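Residue-level listing of the chains:
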Amino acid sequence: MNFRMFNVINQLAGHNRIVDFLMVTISKRARFIYIFVVIVLWFRHDSYKKMTLYTGVSVSVTYLLCSMIKQFYFKPRPFLKHSVHLLPPVPSKKDSSFPSKHTALAFALTASLIAYHRILGWSLWLLSILVGFSRIWMGQHYPSDIIGSAILGNGTAFIVKLTEQYWKPSVTRILRSFTQFRSSYREL
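An account of the accompanying structure is given in this report. (Residues numbered from 1 in each chain as written. Predicted model: local features only at pLDDT ≥ 70, side-chain atom pairs only at ≥ 80, totals over all residues. Heavy atoms only, no water.)

**Looking at unusual backbone geometry**
Moving on, step 1. In the segment running from Phe-98 into Pro-99, the intervening peptide bond is cis, with an omega of -5°.
Moving on, step 2. Of note, Pro-99 is situated in the loop between α4 (78-81) and α5 (101-116). (Helix = DSSP H or I, 4+ residues; strand = E, 2+ residues; numbered from the N terminus.)

Put into structure tokens, the structure is as follows:
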């Protein structure tokens, strides 16, 4: 079933250059949109600083979890097991197909933003779905990898939010230090 769903999506690759270009661009460049949004929110208003730090914690924990899972669990990527439509750039990595770091990080960031800024968060959530879909389109991951990675990213953001009371004092100290640094820098 997993390979069948993969095949339905992946067989569309290579037939339309514009759609292929869009999928590759979304897969490889969407992270810059996320980074841009977080930077803009950080500098937009002091009330968004807590949200951006929470997002940073969620993304960092998700990245660590993805790296740990890949160390202990190996699932061959589709292009290693099957004849697929592999879109360039041809991946040099032959690491585990699960989890998809692109997808997990996109959903962790998006879920973190939804907790504080619903409209922006839901807009980026749609982009996260496209990121996951593009990874299947390009022949990099199976649908189960994408679904599992989305659950991992959302779950991590949810747990980070639930445990906020434990790490919030550290974030408050970081924000206070940043504010003091900024005000002393302005005095110069």
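**Notes on the packing of aromatic side chains**
Moving on, step 1. Counted under the stated rule, the structure contains 7 aromatic pairs.
Moving on, step 2. Between the aromatic rings of Phe-133 and Trp-137, the centroid separation amounts to 6.0 Å while the plane-to-plane angle is 45°, which identifies the pairing as tilted. Of this pair, Phe-133 and Trp-137 both sit in helix α6 (residues 118-137), 4 residues apart, which is roughly one turn of the helix.
Moving on, step 3. By relative accessible area, which is 7% here, Trp-137 ends up buried.
Moving on, step 4. Three or more aromatic residues joined by ring pairs make a cluster, and in this case those are Phe-3, Phe-6 and Tyr-142.
Moving on, step 5. Positioned above the aromatic ring of Trp-42 is the side chain of Lys-49, whose terminal nitrogen or guanidinium carbon lies 4.8 Å from the ring centre.
Moving on, step 6. Between Lys-161 and the ring centre of Tyr-54, over which it is positioned, the NZ or CZ distance is 5.7 Å. (Phe/Tyr/Trp six-rings, centres within 6.5 Å; stacked < 30°, edge-to-face > 60°. Buried < 20%, exposed > 50% of the residue type's maximum accessible area, 1.4 Å probe, protein only. Lys NZ or Arg CZ within 6 Å of the ring centre and 35° of its normal.)

**Structural notes on the nonpolar core**
Moving on, step 1. Tyr-34, Leu-41, Leu-109, Leu-113, Leu-124 and Leu-127 are the most contacted members of the largest nonpolar core, which totals 14 residues.
Moving on, step 2. Of all the secondary-structure elements, those providing two or more residues to this core are α2 (17-44), α5 and α6.
Moving on, step 3. Element by element, the count of residues in this core is highest for α2, at 6 residues.
Moving on, step 4. Sequence-distant contacts of Leu-113, defined by excluding residues within four places in its chain, comprise Val-37, Leu-41, Met-51, Thr-55, Arg-118, Gly-121 and Leu-124. (Core = buried A, V, L, I, M, F, W, Y, C linked by side-chain atoms within 4.5 Å. Contact = heavy atoms within 4.5 Å.)

**Overview of the pattern of salt bridges**
Moving on, step 1. Scanning all chains against the criterion turns up 3 salt bridges.
Moving on, step 2. For Lys-70, the salt bridge identified is with Asp-95, shortest N-O distance 3.3 Å. On the criterion of sequence distance, the pair formed by Lys-70 in helix α3 (residues 49-72) and Asp-95 in the loop between α4 and α5 is long-range, its members being 25 residues apart.
Moving on, step 3. With a closest N to O distance of 2.7 Å, Asp-95 and Arg-77 form a salt bridge. Here Asp-95, found in the loop between α4 and α5, pairs with Arg-77, found in the loop between α3 and α4; they are 18 residues apart in sequence, far enough to count as distant.
Moving on, step 4. Since its relative accessible area comes to 5%, Arg-77 is described here as buried.
Moving on, step 5. Bridged by salt links that share partners, the residues Lys-70, Arg-77 and Asp-95 form one connected network. (Salt bridge = Lys/Arg side-chain N within 4 Å of Asp/Glu carboxyl O.)

Geometry only, nothing functional implied.
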